[in-house]
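Secondary and tertiary structure notes
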Amino acid sequence: MAEPSGQRNGCGEGMLTGLVNRLRGQVRIRVESAFPERVLNLCGAHELSFWDLRWESPVAFTCRMRRVDFQRLRQAAEKLECSLTVEREEGAPYTLGRLLARPTLAVAGVVCGGALLLGSFFIWDFTITGNHTVPDEKILRALDHCGVQRGVFGMVLDGADIRNHVLLDLPELVWIQVNVSGCRAYVEVRERQDWPEIVDRRTPSNVIARRPGLVLDVSAGDGPAAVAAGDTVETGDLLISGVEDTDTVGARVLAGRGSVTARTWYTLTASAPLTAQTRRYTGAERRRCALVIGTQRVNFFSNSSRMGANCDKIVHRHPWSLFGIPLPVTWVTEIYRPYERESAVWAQEALEKQLGGVLETYLNSIVTPYGSVRSTLVTSRTQGDTLTVTLTAECREEIGERVPLYRQEPLVDTE
């Protein structure tokens, strides 16, 4: 039996060869004959390529062939007693033929392809990187003010103009760059950093107590200390003086710098009613759907008003994409859940824990910049329908505050 040219029987087609065959068109045929080897010899004699040969029985097999080779095999096998049946037609020519047989489908395919090609030149999605404190929504609003929004033609954007306008709107940023790749805009930003405060070493000043406490440590950097460890001070007391007496030149004015650490105490109070209004959902639920195309919204419901005052609204947004390419289409689902208000009694322990947590958070916010909280004590009392929680805390913090030694007085005309 002669070996066919091209691809050998029993061997799979390669990736590149398979792609070429599908572009040209290929068929899967079934050959049935009393002497099937004659058909294979005929393929070898006429240099007809075939592959994926599978024997179904001693008198029948299946294989794949190029469309042109199958036509030649059908003509050459007319004198042989065999049956050639096409089981499947594959490849671009057959797909194109089926599309041409349905003009509406062909036009729709061309329109969709053209729309995707045209839409790739417009911005439909944003990716923001480099921001830590400035939210994405704020950056997007600033970009929208200067004309960078969904549906904008991406090839006409002026990076320098965008940078100048956005930096004026957002002083928190020091740099912004917009790069457009396909239908997605990549926004890179750099946030402004807070530089440390420069220590004033020239202005004559005093260091006074910003709050009362028990002095633990005094470190005078420039100027004599007015208190010592173990002293009790009140708000406004002098801690480090900006005036120093000398034996040679008299009084000398200094910057008055230093650090004073003290034990401080805080008493914070919060109150809340034990009876509160809570929500009880009725179990009913209604969904509304809408399609957002670009900046236009198409509602699939008749009544656009809200379903009553006592109703929670939950919105789910599902952006569409095609082959990883974002489309300017978003499916929006709105879920409305009505509820009824009813009175509920708080558990005293739970409410006390909640109020205590709020007080501790507030305490840390005012102490952390200067020191740390060493110990806390939470107490509570009930008076009528009101629970009052008291937080007593002992802290260790810096209590010194610099104030100018001289203050400019307004000029008074004595004439």
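Residues numbered from 1 in each chain as written. Predicted model: local features only at pLDDT ≥ 70, side-chain atom pairs only at ≥ 80, totals over all residues. Heavy atoms only, no water.

**Examining a nonpolar patch on the surface**
Side chains of Leu117, Leu118, Phe121, Phe153, Met155 and Val156 sit close together on the surface and give an oily, nonpolar patch of about 620 Å² of accessible area. The residue Phe121 is located in the loop between α5 (103-119) and β5 (125-129) in this model. For Phe121, a relative accessible area of 35% puts it in the partly exposed group. (Patch = residues over 30% accessible without salt bridge, like charges linked within 9 Å, V, L, I, M, F, W, Y side chains within 5 Å. Areas by Shrake-Rupley, 256 points an atom, 1.4 Å probe, with all protein chains shown as cover. Salt bridge = Lys/Arg side-chain N within 4 Å of Asp/Glu carboxyl O. Helix = DSSP H or I, 4+ residues; strand = E, 2+ residues; numbered from the N terminus. Buried < 20%, exposed > 50% of the residue type's maximum accessible area, 1.4 Å probe, protein only.)

**Digging into the confidence of the model for the chain**
Low pLDDT means the predicted coordinates in that region are not meant to be read closely. Overall, the predicted model of the chain reaches an average pLDDT of 84, with 91% of residues at or above 70. Least confident of the elements in the chain is α5, whose mean pLDDT is 73; most confident is strand β21 (residues 386-398), at 95. Predicted confidence is poor over residues 1-12, with pLDDT under 50, and the contacts of this stretch with residues over four places away or in other chains come to 30 contacts. Note that pLDDT drops below 50 for residues 410-415; the model gives that stretch zero contacts with residues more than four away or on any other chain. (pLDDT = per-residue confidence, 0-100. Contact = heavy atoms within 4.5 Å.)

**What to know about the environment of Gly371**
The topology assignment puts Gly371 in strand β20 (residues 371-383). As for Gly371 and Thr261, which are separated by 110 residues in sequence, their C-alpha atoms are 8.8 Å apart. In this structure Gly371 touches Arg396 and Glu397, once residues within four positions along its chain are discounted.

**Points about the pairing of strand β14 (residues 257-273)**
One ladder, built from seven bridges, connects strand β9 (residues 213-222) with β14; its direction is antiparallel. Residue Ala220 lies in a different strand from β14, and its bridge partner there is Gly258. Where β14 and β21 come together, 13 bridges link them in antiparallel fashion. Across the sheet, residue Thr261 finds its bridge partner in β21, namely Glu398. (Pairing = 2+ DSSP bridges.)

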